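# Commentary on secondary and tertiary structure
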Amino acid sequence: MVISGGGDSALDWTIFLKDVAESITLIHRRTQFRGHLDSVQKVMDFDANKEIQLILNSEVTHLQGDNGLQKVGITTDGKEDLTWIECDYFLPLFGLSPKLGPIADWGLNIDKNAIEVSTFDYATNVEGIYAIGDINTYPGKLKLILCGFHEATLMVQSAFKRIYPNKNLVLKYTTVNGVQGFE
C-alpha cells in the first residue's frame, strides 16, 4: 500500500495499517509533517526500524495498471525521473487548500486567506455574516474540530437572537438531566 500525504490523516492511516498491510510506503512532498508530533515520531521510528518505507520531498505523479492498480510513479525533488513502486492500493490524503472564492468579494476582513471574527459570537465585520471552523481566524485560533463545535454553538445562539429577536432561546444540557422525551 502507498499512502501519500503529510497531515494527521496520512500519519494515522500509516500507523493503523502498518500491522494490517503487507507493506506501507508513505510519500510526502515535504520534509516536515503537519500532524501531531507523537504521530510524526511514530512514523519516523517505523521508518528507522524498517517497518514502513518513508519517502520525503516526493509526489505521486503517475498511476499504472492493466485491470487495477499495479504501481505508482513518484518524482523526487521535482526531477523528471520517475521511481516506480509496486502496490495494490493507493491512499491519497492531501488535505484541503481553502479558497475563499466569491466570499473574498463580500467586504470581509481577511487575513492570510482566513476571515477575521469576534470570539464573542464569531461574527465578521459585516453584519449578519458569521464564520466558524477552519475558514476563520482570531488571536489564539486552534484548528481543531472541537474548537469548531464550540464556535458553532456560540454562533448559532447569536444568529437565533438576530433572526428571532423576541423569542427566548432555551438550551437543554444533556449532561445535567439527560435527554428528555426518550424512553
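A few points on the structure. These numbers were taken from a predicted model, which means no experiment stands behind them.

Calculation criteria
- Throughout, a residue's number is its position along its own chain's written sequence, starting from 1.
- Restriction of local features to residues with pLDDT of at least 70 applies here, the model being predicted, together with a cutoff of 80 or more for giving and counting side-chain atom pairs; totals for whole chains, interfaces and linings are based on all residues.
- Excluding hydrogens and water, the side-chain figures rest on all heavy atoms present in the structure.
- We call Phe, Tyr and Trp rings a pair once their centres come within 6.5 Å, taking the six-membered ring for Trp, and we label the pair stacked below 30 degrees between planes, edge-to-face above 60, and tilted otherwise.
- Secondary structure is summarised from DSSP: a helix means a run of H or I of at least four residues, a strand means a run of E of at least two, and numbering begins at the N terminus for each.
- Burial here depends on accessible area, computed with a 1.4 Å probe over protein chains only, as a share of the maximum for the residue type. Under 20% is buried, over 50% is exposed, and the range in between is partly exposed.
- We define a salt bridge as a contact between a side-chain nitrogen of Lys or Arg and a carboxyl oxygen of Asp or Glu at a distance within 4 Å.
- Here the rule is simple: two strands pair whenever DSSP picks up at least two bridges between them.
- Helix span, expected: 1.5 Å multiplied by one less than the number of residues in the helix.
- An arc is given here, and it is the one of the directions from the helix axis to the C-beta atoms.
- Contacts: residue pairs with any heavy atoms within 4.5 Å of one another.

Time to look at the packing of aromatic side chains. Enumeration over the complete set of coordinates arrives at three aromatic pairs. Note on Trp13 and Phe16: the rings are 5.8 Å apart at their centroids and 85° apart in plane angle, and the pair reads as edge-to-face. Here Trp13 and its partner Phe16 are both found in helix α1 (residues 8-17), three residues apart, which amounts to about one turn of the helix. Classification of Phe16 by relative accessible area gives exposed; the value is 56%. Between Phe160 and Tyr164, the ring centres sit 5.1 Å apart and the planes meet at 50°, which makes this aromatic pair tilted. Residue Phe160 is classed as partly exposed on the basis of its relative accessible area, which comes to 22%.

With that settled, the discussion passes to the pattern of salt bridges. Inspection of the entire model under this criterion finds five salt bridges. Where Asp38 meets Lys42, a salt bridge forms, and the shortest distance between an N and an O atom there is 3.5 Å. Of this pair, Asp38 and Lys42 both sit in helix α2 (residues 37-48), separated by four residues, roughly a single helical turn. By relative accessible area, Asp38 is classed as exposed at 52%. Residue Lys42 is classed as partly exposed on the basis of its relative accessible area of 37%.

Our focus in this paragraph is the sheet that holds strand β9 (residues 114-116). The pairing of strands in a sheet happens through backbone hydrogen bonds and is either parallel or antiparallel. Strand order across the open sheet formed by three strands is β8-β9-β10, with mixed pairing between neighbours. Since the sheet does not close on itself, it has two edges, and those belong to β8 (110-111) and β10 (136-137), each with one partner. Strand direction decides the pairing type here: β8 and β9, joined by two bridges, are antiparallel. Following the sheet pairing, Ile110 is matched in β9 by Ile115.

Here we take up helix α3 (residues 145-163). With 19 residues, α3 should cover 27 Å at 1.5 Å per step; its first-to-last C-alpha distance of 26 Å lies within 8% of that length. Within the sequence span of α3, burial applies to Cys147, Gly148, Glu151, Met155, Ser158 and Ala159. The arc that holds the buried residues of α3, viewed along the axis, is 100°, so those residues lie on one side. Opposite the buried face of α3, by more than 90 degrees, sit the exposed residues Leu146, Phe149 and Lys161. Buried residues belonging to α3 abut β10.

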